[in-house]
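Given next are the chains, with one letter for each unit.
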Amino acid sequence: MSIERLQQAIRRCKTPVALGLRADERVIKPALLRQFTEMYGEGAVATAEALRYDGCRVLAGAAGILPAVYLDAGSYLRLGSVGMDVLSNLCSAAAGHGYYVIVDCRVSEPGV
């Protein structure tokens, strides 16, 4: 991780704003979640695949506009191993689009 690289990305995009992504099925459009539920059945796999699709779409849309992406690892961990796979794919996709990738790995509950 290089702060200089982050500063260069901020100067290039002319904004210090980062795109935040977390595994929250409440933000997925019902039609999209239904589409993946029909393919994979009810459960974490359908949710994870919908989050992967939506996250990749958002990353592509904001590429070159925002310098960095912030991913909340704990929210993906709640989906189990398939959630970690989605997190890994989103990190790779973000790097491929030229984002500075920040992964927040704090997974304990507050006060624990």
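Above this text is the structure in question.
Residues numbered from 1 in each chain as written. Predicted model: local features only at pLDDT ≥ 70, side-chain atom pairs only at ≥ 80, totals over all residues. Heavy atoms only, no water.

Asker: Can you walk me through the pattern of salt bridges in this structure?
Answerer: Close approach of charged atoms allows side chains of opposite charge to pair. Within the structure shown, the criterion is met by five salt bridges. Between Arg-22 and Asp-72 there is a salt bridge, and its shortest N-O distance comes to 2.6 Å. Of this pair, Arg-22 sits in the loop between β1 (18–21) and α2 (30–40) while Asp-72 sits in strand β2 (residues 68–72), placing them 50 residues apart in sequence. Using a relative accessible area of 45% as the deciding quantity, one classes Arg-22 as partly exposed. A salt bridge links Arg-52 to Glu-49; the shortest N-O distance between them is 2.8 Å. Highlighted residues: Arg-52 and Glu-49, both in helix α3 (residues 44–62), separated by three residues, approximately one helical turn. The same class applies to Arg-52 and to Glu-49, which are both buried. (Salt bridge = Lys/Arg side-chain N within 4 Å of Asp/Glu carboxyl O. Helix = DSSP H or I, 4+ residues; strand = E, 2+ residues; numbered from the N terminus. Buried < 20%, exposed > 50% of the residue type's maximum accessible area, 1.4 Å probe, protein only.)

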